Amino acid sequence: MKLRVNPIACEGHGICAELLPELITLDEWGYPIIDDVDVPRTLEPHARRAVADCPTLALALERSRAESGRAASRAARGR
Amino acid sequence: MNARPLAAAPSRPLPPTGEGRLLSGIRDDGRALSLNEHVATYGSARDGARAEAFVAELESSGLTGRGGAAFPIAAKFQAVAAGRRRPVVVVNGAESEPASGKDRALLRTLPHLVLDGAVLAAEALGAKQVIVAVSRGAAVEQAALAAAVAERARARVDGNVSLRVASVPRAFVAGEETALVHFLDGGPAKPTFTPPRPFERGVGGAPTLVQNVETLAHAALISRFGADWFREVGTESEPGSALLTLSGAVRRPGIHEAALGTRFETLVDEASGLTQPVSGFLVGGYFGTWVPADALLRLRLLDADLGLHGASLGTRAIVALPADACAVGEIARVTYYLAGESAGQCGPCVHGLAAIAEGMERVASGRADDRDRLARWVDVVRGRGACKHPDGVTRFVASGLDVFADEVGLHLRHGRCGARPSAVLPIPREVRNE
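Thresholds applied
Residues numbered from 1 in each chain as written. Chains lettered and ligands numbered in written order. Predicted model: local features only at pLDDT ≥ 70, side-chain atom pairs only at ≥ 80, totals over all residues. Buried ≥ 20, exposed ≤ 12 C-beta atoms within 10 Å, placed from the backbone. Helix = DSSP H or I, 4+ residues; strand = E, 2+ residues; numbered from the N terminus. Arc of directions from axis to C-beta. Contact = placed C-beta atoms within 7 Å. Pairing = 2+ DSSP bridges. Axes fitted to C-alpha atoms, helices over the stretch in contact; angles between N-to-C directions. Nonpolar A, V, L, I, M, F, W, Y, C, P; charged D, E, K, R; others polar. Core = buried A, V, L, I, M, F, W, Y, C linked by C-beta atoms within 7 Å. Parallel < 35°, antiparallel > 145°, perpendicular 65-115°, else oblique.

Visitor: Can you lay out helix α2 (residues 35-42) of chain B for me, pointing to particular residues and giving the numbers?
Guide: All names here are of chain B. Considered for burial, the residues of α2 that qualify are Leu35, His38, Val39 and Tyr42. For α2, the arc enclosing every buried residue in end-on projection is 95°, short of the 170-degree limit, so these residues lie on one face. Buried-residue contacts for α2 involve α6 (111-125), α7 (139-155) and α9 (213-225). Directly after α2, the chain includes Gly43, whose backbone phi takes a positive value near 85°.

Visitor: I'd love a proper account of the sheet that holds strand β8 (residues 289-292) of chain B, names of residues and values included.
Guide: Residue and element names in this part refer to chain B. Here we have five strands laid out as an open sheet, ordered β6-β5-β9-β7-β8, and mixed in their pairing. Pairing within the sheet leaves two strands with one partner each, and these edge strands are β6 (254-259) and β8. Along the sheet, successive strands turn relative to each other by an average axial angle of 30°, direction set aside. Here strand β5 (residues 241-248) runs beside strand β9 (residues 317-322); their pairing, made up of four bridges, is parallel. Residue pairing in the sheet places Ser247 in a bridge with Val319 of β9.

Visitor: So, the sheet that holds strand β2 (residues 129-135) of chain B: which residues are in play, and what are the values?
Guide: Residues and elements named next belong to chain B. Spatially, four strands are ordered β3-β2-β1-β4 in an open sheet, and the strand pairing comes out parallel. The outermost strands of the open sheet, each flanked by one partner alone, are β3 (162-168) and β4 (208-212). Within the sheet, the average angular offset between the axes of one strand and its neighbour, ignoring direction, is 20°. Pairing of strand β1 (residues 88-93) with β2 involves five bridges; the strand directions are parallel.

Visitor: Describe the interface of chain A and chain B, with residues and values.
Guide: Contact residues are listed per partner, giving eight residues for chain A and 10 residues for chain B. Classifying every residue of the side of chain A that touches chain B gives five nonpolar, two polar and one charged.

Visitor: Could you give an account of the environment of Gly383(B), with specific residues and numbers?
Guide: Structurally, Gly383(B) can be placed in the loop between α16 (371-381) and α17 (389-403). Residue Gly383(B) is classed as partly exposed on the basis of its 14 C-beta neighbours within 10 Å.

Visitor: Mind laying out the nonpolar core, listing which residues take part and the relevant values?
Guide: The biggest cluster of nonpolar side chains holds 147 residues, and the ones touching the most others in it are Val89(B), Val90(B), Val114(B), Ala118(B) and Leu180(B). Residues in contact with Val89(B), not counting those within four places in the same chain, are Ala118(B), Ala121(B), Ala122(B), Leu125(B), Ala127(B), Val130(B) and Leu209(B). Membership of the second largest hydrophobic core comes to 16 residues, among which are Cys16(A), Leu19(A), Leu23(A) and Ala50(A).

Visitor: How would you explain the packing of helix α5 (residues 102-109) of chain B against α9(B) if you had to name every residue and give the values?
Guide: Residue and element names in this part refer to chain B. At their nearest, the axes of α5 and α9 sit 8 Å apart, and the two run at 50° to each other. The angle between α5 and α9 falls in the class oblique. Of the residues in α9, those in contact with Lys102, Asp103, Leu106 and Leu107 of α5 are Val213, Glu214 and Ala217. Classifying every residue of the contact of α5 with α9 gives four nonpolar, no polar and three charged.

Here's what the structure looks like:
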């Protein structure tokens, strides 16, 4: 899973960076910079919390491309 | 295989030869070709490949989008066709890039060729609606299109495909495809967060093919004369010809057509040479890249060559900056304009581009050595907008600081470089006097 911000919806409240400093930092204007990595399993609960607590619902936890590919091939095999 | 019917039918026009394919049919007086003149010059769209055969020809032609992103046209068709609803076709003629004029030139002179491409695309996709989006400022082009649409309606050449011309705002981001769709649906001409992209959900929620004017004109010729004809010029991986907008220190500025793979030196010769020594070329318009003059002239008109300098053809607007013009001042001025053209939606773009524009101004006036901060801002802002506006602007600024590093040094020491203050890079009038 990867975190992705909708930059149009984001208003720079910065709560996500407080909840998940391991993966999210703020730029000098207060907008989040998100590490482009798969969220480690141990951090997933924190990532979900960050997503849920965003006041503008600008943050999402999305299946990364590799995972979508695996899911698609599982679906194709009928599993 | 059968012989091509084109050669067998003497009443049908022969394909344009050489590199001047789109432009070969233009009238000397620059007036739009009427429908009859158009058919006499290029033949009727009815005689070419249509529907599945058309898409197959497009795929083997290797034609890519000529709006700047160079996406393969056949793949875009397939993505739109994969949707469940009846698609819509949008001809993107916004051409909001100030250094580019090629799409307006086509709309003004060969409206029927562009409309042929759009209608063929609509028929191939089962679309019934074609919307031609043209900038509000382009009065001559709008009139030429309106006349062409009326002629086609009278002659009933487009079956059950209806054509409509839409007037779109002049803002720089208005030509971005999600902004265009947003506007055509009654919203502001500002980009939207993706996905969905227009090919999934566009105008009125329908899968939407948004295609550049020049791309559709090429497609209309490919339908008539075939993929093999298209590939007679260009290279294997970058086939065909392309329109260029040349400006700056060339003797014959304006719209030129050249085979992809042509050496830049040859292009300059065909524009009757340079008017004076040139310090650098801006390649690909204001989202493009600065390349030193001597380096560019050794390259060919190919993304493969330009990629070696971190550049790409983009919108194919090329500006030759005279050596006696002030490059740093030009870059600062255009950066200020581009920062103001942010849609104002995404924090990093709004604040980051404003910071970069102010930093460039301090560097140009020699008030502060902001080079390190500029490098950091460029890095921080890139990739963080809903659209590619911040990416394009940072490419323009970063390559400019790199190519004109010596001039930047002079500005920091003296507040000027000794070159004359200049305005070679055009800025639309409505924002110039801020």
